[in-house]
Amino acid sequence: MVRLTSEHDEQRRGFEAGSLDEFTVEQALEYRHRGTADGRLALWREEHVRALLLEWLPRNVTVLPEEIEEHDAPGAVATLVEFLAASGLLDVRSDDPARLREVAESLRQAHAEAMEDPRFMRPAKFWMLTAARSGVDVRDGRALDRFIADVRAGRVEYDEAALAKVMGNQFLGGLLGAGPEGHSLLEGRTLPLPVVDLGDEEALREAAAGVDILGQLAEVARWLGKEGKPLTKTGRLKTADALELACHLGTDRGLGAAAGPLKHLAGDGFDHIRRADQLPYLRLLVEWAREARLVRAYRGRLVAVAGARTVREDPLALAARALTALPALRDPLLIGPVWDVPSRLYPRFDLLLTDLLAALYGMPAGTPWPMLWHTVRAGHLDDDRWPGEGEDTHSPAELRVVLDLLSRTGVIGFDRGPVDASVLDGLRSLAAEDGSSGPAALLGAGDPEGAAHFRELLRSCEGDDVELLRLTPLGTYAVREVLTSMGRSAPALGDLRTADAATLLAALYDEYDDQHTSTELAGWIEAAGGWDTARQALTDALKRVRLHVRRNGLLRMLLAELPDGHGPDLLRCLRTDPELAPSALFVGQEQTAEAVLLAGQRTEHGPDGMDDREYALAVTESLLLMRELDGENGLLDAVGHTRADAETLTAMLRVAQTSGHPDISGLERLAAIDVVALRARSSHLGRLRADAARKRKGGSVKKKGKGKKRR
């Protein structure tokens, strides 16, 4: 018989007995959900522990003086990670739990100081702590009101310098953080990315080899030679060298008429050149090569980066490096040599371009240009508009120039035709909303002017000749490199072929859709050496998952998505496994019941061949699952609240104790359930809820001791 180790039992009991600071654990999970780009609750690394202790908790939690001794955030986050590991939930990409505990303990003093640091305080936290340190019971509303009145009257001493820092940070918008040079350790949550098929790598490399701009970037480094070229005091090439390089690259052949309002990108003229600034298209290419780390300034010279030679010689790697560098090129792209006022795209150009590429990434159909521009404008430009300002026609034209440059790098393709039906259906459903909330509000339809723009957007997308944008296969590959360089997870078919079984299951369950899960499983089984080897690896991985909810969910996924009839074979094998049999029997019972319902039949019998012992294991698994999901009250709710229902639950609990289920600690918790007391408590709570509902429905509350009503 298999059972959890005593160490794992103690960790579970510690959580359930309330010996852990539950509020801090909730905040830790909230941080991973909202304060990180990926939002993965079960993935923990050193940087996550650092950001939680040094910035998230100081910003979002107030610890009163009398609570300091009870506040053990380092211990809470370390125990949370250890619990996830013991339950088989910890993402395999996490750092070692023991190492994370060491990091948490090493930050104990720094965390305590950060909790008192004015950089991370809002005014409410500052005054709450000041009041508590002055002896005020901050839980007493009247006492707190008197304290505020005393502050306004000048009768309270407080740290004026600290308050000045608090208020200064408020006006800075919370930009100061605990990272290097005051940068925040926290990140904004991003939407999950779809699974993509990158296709044949050699075909992509061949496509990249035919892109002229990529060849020009590589040629900048080759032209510099071993010695490089001298730079002026302003960091530019000398005029003669710049003109020589411009002629060598052919920068007179720029974007031409496609440059539109960004006329400086049309192409360089080589006559009467007196300064390197008079070659703006060359400046773009040189700055692009710098940002792509193909060349760099070294001791007053522009030299090729020796370590980038393999990138220059691999067109596919060069394409990815070039696109990753493009968002940083707002100066040469958006500010020409004679402009006095920068483009409206300039302030947020890096985020704007990255968001635009992410919006195109993985789209199964072309994206209408009107919809793409509307989304960009609503997300990045509308906040800068003055009230009553007319329609902005310059910014979309500038963005189209940037997109034309991307098309010349082989990243974006343009088509014309009708918008895909699925896209139109989505737009029509948004048009049906009032625009005050929901998805329509995200597209700028939350006010009358925004709603008018939204209606115009729908009209512009319903024609038969709409300009459509899509990423090319090379673009999909390169954009994925951009997104992963930012720390975002961008799954692709084939990524998991060589992964261990635990990583495979976690990634498929958390990140892959049904459409791609079966394909990835088929490739993984082939790479593992066949089904027999793969089945054993999957079995071992399932045994590492201790929570019944997670294990059963993984098993359901496998049964639904395993190719070539491997699902039923896996289920048959697991029914004979001492540890996994309960899950296999329970999930198999679900499948049988579902098949019966789909066939329109009615039966009260379980799955074929299920004996009394197996039935008892399935019943026990269902009890453990319900208790894990909803607690003891969930058990009663699932069975019912009548006396007969209580007797049924009692009988089921008795069956569990003699079932031989391998989860010994779970059986101990079931044995401790007092059904009579549980039913009495549930009945009492039910009456309280009913009374409260009646009072809410009546809209009034009786005054104590009087028959009058108070509205």
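Treat the numbers as computed from the prediction; the structure is a model and nothing was measured.

The helix and strand inventory of the protein stands at 33 helices and eight strands. Counting over 711 residues, the protein shows a buried share of 47%. Once local pairs closer than 6 in sequence are excluded, the contacts in the protein between residues at least 24 apart make up 71%. Accessible area of the protein: about 37,000 Å², with a carbon and sulfur share of 51%.

Take the environment of Trp373 next. Tracing the sequence through the fold places Trp373 in helix H18 (residues 369–380). The class for Trp373 is buried, based on a relative accessible area of 10%. Considering only alpha carbons, one finds Trp373 and Arg400, 27 residues apart in sequence, at a separation of 9.3 Å. Setting aside residues up to four positions removed in sequence, Trp373 forms contacts with Leu381, Ser395, Pro396 and Leu399.

Looking now at the nonpolar core. Within the largest apolar cluster, 85 residues are counted, with the highest numbers of intra-cluster contacts made by Leu265, Trp288, Leu294, Leu323, Leu326, Leu333 and Leu405. Sorting elements by how many residues they give to this core places helix H11 (residues 212–224) first, with eight residues. Not counting residues within four places of it along the chain, the set of residues in contact with Trp288 comprises Ile213, Leu217, Ala322, Ala325, Leu326, Leu329, Leu405 and Thr409. Ranked by size, the runner-up nonpolar core spans 33 residues in total, among them Leu542, Leu559, Leu574 and Val587.

Strand order across the open sheet formed by three strands is E1-E3-E2, with antiparallel pairing between neighbours. Of all strands in the sheet, those with a lone pairing partner are strand E1 (229–230) and strand E2 (295–298), marking the two edges. As paired strands, E2 and strand E3 (residues 301–304) are joined by four bridges and run antiparallel to one another. Paired with Ala297 across the strands is Leu302, a residue of E3.

Close inspection of predicted coordinates is inappropriate for parts of the model with low pLDDT. Looking at the protein as a whole, its pLDDT mean stands at 83, while 83% of the residues score no less than 70. A low-confidence stretch, residues 13–18 stays under pLDDT 50, and its non-local contacts, those more than four residues away or across chains, total 10 contacts. Contacts from residues 601–607, a stretch scored under 50 in pLDDT, to residues over four places away or in other chains number five contacts.

On to unusual backbone geometry. Here the phi dihedral of Arg293 falls at roughly 60°; this positive angle occurs in a residue that is not glycine. Mapped onto the secondary structure, Arg293 falls in the loop between helix H13 (280–291) and E2. The exposure class assigned to Arg293 is partly exposed, which follows from its relative accessible area of 49%. You will see that Arg299, though not glycine, has its phi angle at about 55°, which is positive. The class for Arg299 is exposed, based on a relative accessible area of 74%.

Looking now at the pattern of salt bridges. As enumerated under the stated definition, the model contains 38 salt bridges in all. With a closest N to O distance of 3.2 Å, Glu30 and Arg34 form a salt bridge. Of the two residues, Glu30 and Arg34 are both situated in helix H2 (residues 22–34); the distance of four residues between them amounts to about one turn of the helix. A relative accessible area of 30% means that Glu30 is categorised as partly exposed. Two residues, Arg222 and Glu219, come together in a salt bridge whose shortest N-O distance is 3.2 Å. Residue Arg222 and its partner Glu219 are located together in helix H11, separated by three residues, close to a single helical turn.

Look at helix H12 (residues 239–249) against H13: their axes get within 10 Å of each other, and the N-to-C directions meet at 85°. Between H12 and H13, the crossing angle belongs to the class labelled roughly perpendicular. Together, Ala242, Leu245, Ala246 and Leu249 of H12 and Leu282, Leu285 and Val286 of H13 make up the contact between the two elements. Tallied by class, residues from the contact of H12 with H13 come to seven nonpolar, no polar and no charged.

Here the focus is the packing of helix H25 (residues 514–528) against helix H26 (residues 531–543). Remark: H25 packs on H26, axes separated minimally by 7 Å, with the N-to-C direction vectors making an angle of 110°. Of the possible angle classes, the one that applies to H25 and H26 is roughly perpendicular. Where H25 approaches H26, its residues Trp524, Ile525 and Ala528 are matched on the opposing element by Trp531, Thr533, Ala534, Ala537 and Leu538. Residues that form the contact of H25 with H26 fall into these classes: seven nonpolar, one polar and no charged.

In this section: the side chain of Arg551. Take Arg551: it is sitting in helix H27 (residues 548–561). A relative accessible area of 8% means that Arg551 is categorised as buried. A distance of 3.5 Å separates the side chain of Arg551 from the backbone oxygen of Glu579, its partner in a polar contact. Excluding anything up to four places from it in sequence, Arg551 contacts Leu542, Lys543, Val545, Glu579, Leu580 and Ser583.

With that settled, consider the sheet that holds strand E4 (residues 367–368). Judged by pairing direction, the sheet is antiparallel, and its three strands sit side by side in the order E4-E6-E5 without closing on themselves. Looking along the sheet, the strands with just one partner apiece sit at the ends: E4 and strand E5 (412–417). The pairing of E5 with strand E6 (residues 466–471) spans six bridges and is classified as antiparallel. Note that in E6 the partner of Ile412 across the bridge is Leu471.

Turning next to H25. Its 15 residues place the ends of H25 21 Å apart at the C-alpha level, agreeing with the 21 Å of an ideal helix rising 1.5 Å per residue. When we look at burial in H25, the residues that qualify are His516, Thr517, Glu520, Leu521, Gly523, Trp524 and Ile525. At its buried positions, H25 is contacted by helix H24 (501–511), H26, H27 and helix H28 (566–574). Capping the start of H25 is the job of one residue whose side-chain oxygen sits 3.1 Å from the backbone nitrogen of Gln515: Asp513. A positive backbone phi angle near 105° is found at Gly529, which sits one or two residues after H25.

Take the environment of Leu547 next. For Leu547, the position within the fold is in the loop between H26 and H27. Each C-alpha atom of the pair Leu547 and Glu628 lies 8.0 Å from the other, and the pair is 81 residues apart in sequence.

Before going further, it helps to examine the environment of Leu562. Inspection of the secondary structure puts Leu562 in the loop between H27 and H28. When residues no more than four places from it in sequence are discounted, the contact partners of Leu562 are Leu521, Ile525, Trp531, Leu538, Gly567 and Leu570.

Another aspect to go through is the packing of aromatic side chains. Aromatic ring pairs are described here by two measures, namely the spacing of the ring centres and the angle between the planes. In the structure shown here, the tally under the stated rule is six aromatic pairs. Relative to Tyr158, the ring of Trp127 lies with its centre 5.0 Å away and its plane at 70°, an arrangement referred to as edge-to-face. With Trp127 in helix H7 (residues 123–133) and Tyr158 in the loop between helix H8 (141–152) and helix H9 (160–172), this residue pair connects regions lying 31 residues apart in the sequence. Joined through ring pairs, the aromatic side chains of Phe126, Trp127, Phe147 and Tyr158 make up one cluster. Positioned above the aromatic ring of Trp223, the side-chain terminus of Lys229 is 5.1 Å from the ring centre. The ring of Tyr346 is capped by Arg330, whose NZ or CZ atom sits 4.1 Å from the centre of that ring.

What counts, and where the lines are drawn
- Residues numbered from 1 in each chain as written.
- Predicted model: local features only at pLDDT ≥ 70, side-chain atom pairs only at ≥ 80, totals over all residues.
- Heavy atoms only, no water.
- Helix = DSSP H or I, 4+ residues; strand = E, 2+ residues; numbered from the N terminus.
- Buried < 20%, exposed > 50% of the residue type's maximum accessible area, 1.4 Å probe, protein only.
- Contact = heavy atoms within 4.5 Å.
- Areas by Shrake-Rupley, 256 points an atom, 1.4 Å probe, with all protein chains shown as cover.
- Core = buried A, V, L, I, M, F, W, Y, C linked by side-chain atoms within 4.5 Å.
- Pairing = 2+ DSSP bridges.
- pLDDT = per-residue confidence, 0-100.
- Salt bridge = Lys/Arg side-chain N within 4 Å of Asp/Glu carboxyl O.
- Axes fitted to C-alpha atoms, helices over the stretch in contact; angles between N-to-C directions.
- Parallel < 35°, antiparallel > 145°, perpendicular 65-115°, else oblique.
- Nonpolar A, V, L, I, M, F, W, Y, C, P; charged D, E, K, R; others polar.
- Polar contact = N/O pair within 3.5 Å; in protein donor to acceptor, adjacent residues only side chain to side chain.
- Expected span 1.5 Å × (residues − 1).
- Phe/Tyr/Trp six-rings, centres within 6.5 Å; stacked < 30°, edge-to-face > 60°.
- Lys NZ or Arg CZ within 6 Å of the ring centre and 35° of its normal.

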